[in-house]
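Notes for the structure review
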Amino acid sequence: MIRFHMLIPAENPAKAGQSLNILLVTENPDGEDLTRTVRFYGSMGRQWRELLAEERVFPANSHSHLYFNLPAERLSEDFWGEDVEELAIAAGVSPPEPGERGTLVFFEA
């Protein structure tokens, strides 16, 4: 089982219209290597939407710092249908549970 301990955006506030680098702190306490698809989700106070999915290998008994880049188009008004001023971001192997807050990222021009 993979554990996700912390999601840290490279910038907060982030630049509107640009991609966003994310550091994800993970743990694999199992005694064997695991390959999983890590998914990032965003929410503007409503339903979570998938922003990115990447397959990663988690070495046995590891504590890993993984780097991801959320594409600018998934952080845009075109994707969300409204101006993105703040966005909750969460990571996991499945969508967040209802009520999960995620990490709030603010965007500025």
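Above this note sits the structure.
First, a word on scope: everything that follows refers to the structure included in this document. (Residues numbered from 1 in each chain as written. Predicted model: local features only at pLDDT ≥ 70, side-chain atom pairs only at ≥ 80, totals over all residues. Heavy atoms only, no water.)

Turning our eyes to something else, we now look at the sheet that holds strand 6 (residues 62–70). The sheet built from 3 strands is open, its strands ordered 1-3-6 with antiparallel pairing. Whereas interior strands pair on both sides, the edge strands pair on one side only; in this sheet they are strand 1 (3–9) and strand 6. On average, each strand axis in the sheet is tilted by 20° relative to the strand beside it, whichever way the strands run. Of the strand pairs in this sheet, strand 1 and strand 3 (residues 20–28) are connected by 6 bridges, and their pairing is antiparallel. When the bridges of strand 3 are listed, I8 appears paired with L23. (Pairing = 2+ DSSP bridges. Helix = DSSP H or I, 4+ residues; strand = E, 2+ residues; numbered from the N terminus. Axes fitted to C-alpha atoms, helices over the stretch in contact; angles between N-to-C directions.)

Following the criterion strictly, the structure yields 2 aromatic pairs and no others. With a centroid separation of 5.3 Å and an interplanar angle of 85°, the aromatic rings of F79 and W80 are classed as edge-to-face. We note that F79, like W80, is buried. Lying over the aromatic face of W80, R49 brings its terminal NZ or CZ to 5.1 Å of the ring centre. Its end group placed over the ring of F68, R56 keeps NZ or CZ at 4.0 Å from the ring centre. (Phe/Tyr/Trp six-rings, centres within 6.5 Å; stacked < 30°, edge-to-face > 60°. Buried < 20%, exposed > 50% of the residue type's maximum accessible area, 1.4 Å probe, protein only. Lys NZ or Arg CZ within 6 Å of the ring centre and 35° of its normal.)

Negative charge collects at one region of the surface, where E77, D78, D83, E85 and E86 lie side by side. Residue classification places E77 among the partly exposed residues on the basis of a relative accessible area of 49%. (Patch = residues over 30% accessible without salt bridge, like charges linked within 9 Å, V, L, I, M, F, W, Y side chains within 5 Å. Areas by Shrake-Rupley, 256 points an atom, 1.4 Å probe, with all protein chains shown as cover. Salt bridge = Lys/Arg side-chain N within 4 Å of Asp/Glu carboxyl O. Lys, Arg positive; Asp, Glu negative; His and termini not counted. Charge placed at Lys NZ, Arg CZ, Asp CG, Glu CD.)

Another aspect to go through is the side chain of T26. In this fold, T26 is placed in strand 3. In this view, T26 contacts I2, R3, F4, H5, F58, S62, H63, S64 and L66; residues no more than four positions away in its chain are not counted. (Contact = heavy atoms within 4.5 Å.)

A few words now on unusual backbone geometry. Here the residue pair N12 and P13 is connected by a cis peptide bond, since its omega of 15° sits within 30 degrees of zero. Mapped onto the secondary structure, P13 falls in the loop between strand 1 and strand 2 (14–15).

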